[in-house]
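Residue-level listing of the chains:
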Amino acid sequence: MANATATSAPTRTCVGCRRRATTDALVRLALADGRLVLWGPKASPRPAGRGASLHPEAACLRAALASGAFGRAFRSKVSVTSVDEADLLQQLTAAASAALRSVNRIQP
Ligand SMILES: [Zn+2]
């Protein structure tokens with residue numbers, strides 16, 4: 001994967017597909033009171049503690065849930081069974097469209 005761009009945009013690894021992407025292309029998931037919560041890409045304040053990066057796509061969410069990647073990312077037991085996948089997917093979709101809108105706003 002050649003890094004041909006001159007930008008220094010930070011990258012993270014998606015816990016679902018394990019591909020690296022710039023943080024702008026990923027949403028962040030944090031662990032709050034033992035539950036997965038979604039935030040970003042422009043959300044603030046930043047939740048304390050560890051976070052996991054994920055493409056706002058159903059395939060990546062399902063892959064992360066299936067592989068137990070969230071448990072590894074948070075270094076704790078995430079009760080995946082308590083994760084409302086449909087609800088998370090809805091939030092991912094909303095985050096993705098919000099990211100697109102903010103990208104459009106950034107245009108000079
Ligand atoms: Zn991914």
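Just so it is clear, the structure is predicted and the values come from calculations on it, not from any experiment. (Residues numbered from 1 in each chain as written. Predicted model: local features only at pLDDT ≥ 70, side-chain atom pairs only at ≥ 80, totals over all residues.)

Chemist: How should I be thinking about helix α1 (residues 58-67) in this particular structure?
Modeler: For an α-helix the count is 3.6 residues per turn, leaving residues at separations of three or four pointing the same way. Every buried residue of α1 is listed here: Cys-60, Leu-61 and Ala-64. Taken end-on, α1 shows its buried residues confined to a sector of 100°, consistent with a single buried face. Exposed and oriented more than 90 degrees from the buried face of α1 are Ala-59 and Ala-66. Residue Gly-68 follows α1 closely and has a positive phi angle near 75°. (Buried ≥ 20, exposed ≤ 12 C-beta atoms within 10 Å, placed from the backbone. Helix = DSSP H or I, 4+ residues; strand = E, 2+ residues; numbered from the N terminus. Arc of directions from axis to C-beta.)

Chemist: Is there a simple way to explain unusual backbone geometry in this structure?
Modeler: Glycine aside, negative phi is the norm for most residues, and most peptide bonds take the trans geometry. Positive phi, close to 65°, is recorded for Arg-18, a residue that is not glycine. Position of Arg-18 relative to the elements: it lies in the loop between β1 (11-13) and β2 (20-22). Of the residues examined, Arg-18 has 12 C-beta atoms within 10 Å and is grouped as exposed.

Chemist: Whenever I open this one, the pairing of strand β3 (residues 27-32) confuses me. Can you help?
Modeler: Pairing of β3 with strand β5 (residues 51-54), which is carried by four bridges, proceeds in the antiparallel orientation. Within β5, the residue paired with Arg-28 across the bridge is Ser-53. Direction of pairing for β3 relative to strand β4 (residues 35-39): antiparallel, over a ladder of five bridges. Following the sheet pairing, Arg-28 is matched in β4 by Trp-39. Hairpin remark: β3 followed by β4, antiparallel, with two residues in the connecting loop; positive phi at Asp-33, about 55°. (Pairing = 2+ DSSP bridges.)

Chemist: I would appreciate a short explanation of the sheet that holds β4 in the present structure.
Modeler: In a beta sheet, neighbouring strands pair by backbone hydrogen bonds and run either parallel or antiparallel. The three strands are arranged β4-β3-β5 in an open sheet whose pairing can be described as antiparallel. Taken across any chain shown, the strands that pair with only one partner, and hence form the sheet edges, are β4 and β5. On average, adjacent strands in this sheet sit at an angle of 35° to one another, irrespective of strand direction. (Axes fitted to C-alpha atoms, helices over the stretch in contact; angles between N-to-C directions.)

Chemist: Looking at this model, I keep getting lost on the environment of Thr-93. Mind explaining?
Modeler: Looking at the secondary structure, you find Thr-93 in helix α3 (residues 85-106). Its 13 C-beta neighbours within 10 Å are what place Thr-93 among the partly exposed residues. Remark: the alpha-carbon pair of Thr-93 and Ala-58, spanning 35 residues in sequence, is separated by 8.6 Å.

Chemist: Please clarify how the confidence of the model for the protein should be interpreted in this entry.
Modeler: Fine structural detail should not be taken from predicted coordinates in areas where pLDDT scores are low. In the predicted model, the protein carries a mean pLDDT of 77, and the fraction of residues at 70 or more is 70%. Within the protein, the element-level pLDDT minimum falls on α3, averaging 73, and the maximum on β2, averaging 94. (pLDDT = per-residue confidence, 0-100.)

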